[in-house]
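Read off the chains here:
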Amino acid sequence: MIEIQLLAIQAIGEVFAGANLNEVLRNIWQINSRLTPQQRGAIQDIAYGTLRHYGQLDAILHQLLNKPAQDKSLHYLLAIALYQLCYSKAPAHAIVDHAVSSSRKITRNPAASGLINAVLRNFMRQRTLLLDQIKSNEVARYSYPQWWIDKLRQQYPQDYKAILLAGNEHPAMILRINSLRTSVNHYQAMLDAQGIGSEWLGGSALQLIRPVSVEKLPGFSEGLVTVQDAGAQFAAPLLDVKAGMRVLDACAAPGGKSTHLAELTENIKLTVLDKYEDRLTRLTENFSRLQITDYQLICGDAMNPSQWWNGQLYDRILADVPCSASGVVNRHPDIKWLRRPGDTDNFAQIQTTILNELWPLLRHGGKLLYATCSVFNEENNLITEKFLSIHQDASRLPCSHEEINNGQLLPGPHHDGFFYALLQKN
Ligand SMILES: C[S@@+](CC[C@H](N)C(=O)[O-])C[C@H]1O[C@@H](n2cnc3c(N)ncnc32)[C@H](O)[C@@H]1O
């Protein structure tokens, strides 16, 4: 457990220094190639769980420490051990013993191991009282930065608590059945035969009762299914693509929504664009696994179509723009600690530019779907309302789905948070 704790500390330290958790873990796996799948799973669980509940764990530490630990690694070690004590089934004495040993690997200062031991044992003695004392502290209760809580309360006075809590749940594993290759009923029977329970959510979406690794999914490498959140699966059907149409996915990588477009309608002229070469590599892997070969790939900037556009208008455009990702914190708990209050304004500028630049590429009568995985209004309705006020040739079509309210799909047990605005050129 000591090595697991130490690598989890490294991951959390790098996230708080500004790095993306997935990339950090990928690097840790690469450098420590001898880690077993179980060890990787344990590190991942501790890193994700500690970040998911960091507001609470940090508040407990503030109660227990007279002053914050000088060495940040010791602070993260305490947070990790508290996470394990509160949320794991590991025996408490083993967690404390291992934390003390881990502290010896971090520093030779003997006071450090004494501190770790005293703080953790103190927590175990006063657990109920300490948890009670931090109840009135919102950052501790919800485990989000205060500005994030305040923004959601202001924008969703009725729903903000449910949104915050949904972001702290373990994400569901949802599959999209490739309708070109199989059917929902048939694939569900294949899952049943493997002892993998699932629930149909509508359309091509099946939620697994318990997540499994993709290698265990029948026909995964042959392209029968894709792992994709149910909310993300709303995008392709909304765009209403017909055979023969020219379709642009302007922010396409890693290809979740564009592969869905290709699965839903055969014989479309699909162009997939993304600004980043490395992300396009992942996209091509996904296309080839799903055996989709008929598409045009462009590495280019959606903010600057003059660099890559050949002048032929599109019938449909998907603009799944870069955003704060505030609707998918359940999958990426690092996001809530990495974002800063001003980030939404920066994203809004990029989103507005992409929308304005893509609009001239759409033919008259054509449709553009503006999408984000954010719940912040500045990236969603505020962008599209401003766009509609400036572009007289644009109108907004309804996104008819009972769960989508004014374009916004709030995160819940069966899907993440998304925003969709379907715009038509008149
Ligand atoms: C929300 S993700 C898209 C997810 C994708 N649609 C899917 O369903 O798998 C946004 C994508 O936009 C890309 N991106 C960011 N800025 C861009 C730009 N200026 N032009 C084109 N792509 C951009 C990012 O690399 C990222 O892959």
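Cut-offs applied
Residue positions are counted from 1 within each chain, in the order its sequence is given. Two thresholds apply to this predicted model, a pLDDT of at least 70 for residue-level local features and 80 or more for giving and counting side-chain atom pairs, whereas whole-chain, interface and lining totals are computed over all residues. Just so you know, side-chain values use all the structure's heavy atoms and leave hydrogens and water out. Each residue's exposure class comes from its accessible area (1.4 Å probe, protein chains only) as a fraction of the maximum for that residue type: buried when under 20%, exposed when over 50%, partly exposed otherwise. Counting from the N terminus, the helices are DSSP H or I runs at least four residues long and the strands are E runs at least two residues long. Here an angle of 0 to 180 degrees is reported between the N-to-C directions of two axes, which are lines fitted to C-alpha atoms, with helices fitted over the stretch in contact. Here roughly perpendicular refers to angles of 65 to 115 degrees, roughly parallel to angles under 35, roughly antiparallel to angles over 145, and oblique to all remaining angles. Two helices crossing with the near one rotated counterclockwise from the far one by less than a right angle form a left-handed crossing, whereas a clockwise rotation gives a right-handed crossing. Residue contacts are defined here by distance: any two heavy atoms, one from each residue, within 4.5 Å place the two residues in contact. Put simply, Ala, Val, Leu, Ile, Met, Phe, Trp, Tyr, Cys and Pro go in the nonpolar bin, Asp, Glu, Lys and Arg in the charged bin, and everything else, Gly too, in the polar bin. UniProt positions are given in the numbering used here, feature names are shortened, and annotations may be inferred rather than shown by experiment. What a helix should span is 1.5 Å times the count of its residues minus one.

A closer look at helix α13 (residues 256-264)
A large share of α13 lies buried, amounting to 7 of its 9 residues. Within α13, the full set of buried residues consists of Lys257, Ser258, Thr259, His260, Leu261, Ala262 and Glu263.

Considerations on the packing of helix α4 (residues 54-64) against helix α5 (residues 72-87)
Running from N to C, α4 and α5 cross one another at 110°; their axes reach a closest spacing of 9 Å. Judged by the inter-axis angle, α4 sits roughly perpendicular to α5. The chirality of how α4 crosses α5 is right-handed. Counted together, Tyr54, Gln56, Leu57, Asp58, Ile60 and Leu61 of α4 and His75, Tyr76, Leu78, Ala79, Leu82, Tyr83 and Tyr87 of α5 form the full contact between these two elements. Per-class residue counts for the contact of α4 with α5 are 10 nonpolar, 2 polar and 1 charged.

A closer look at the UniProt feature "active site" (unreviewed entry) in the chain
Sites flagged by UniProt as "active site" (unreviewed entry) map to Cys373. Tracing the backbone shows Cys373 in the loop between β9 (362-372) and α17 (381-390). Beyond its immediate chain neighbours, meaning those up to four positions away, Cys373 contacts Cys323, Ala325, Ser326, Gly327, Val328, Gly417 and Phe418.

Details of helix α1 (residues 2-16)
Across its 15 residues, α1 extends 21 Å between first and last C-alpha, which sits within 8% of the 21 Å expected from 1.5 Å per residue. All of the buried residues along α1 are Ile4, Gln5, Leu7, Ala8, Ile9, Ala11, Ile12 and Val15. Packing partners of the buried residues in α1 comprise α2 (21-31), α3 (37-52), α5, α6 (92-106) and α15 (335-338). Taken from the residues just after α1, Gly18 is the one with a positive phi, measuring 115°.

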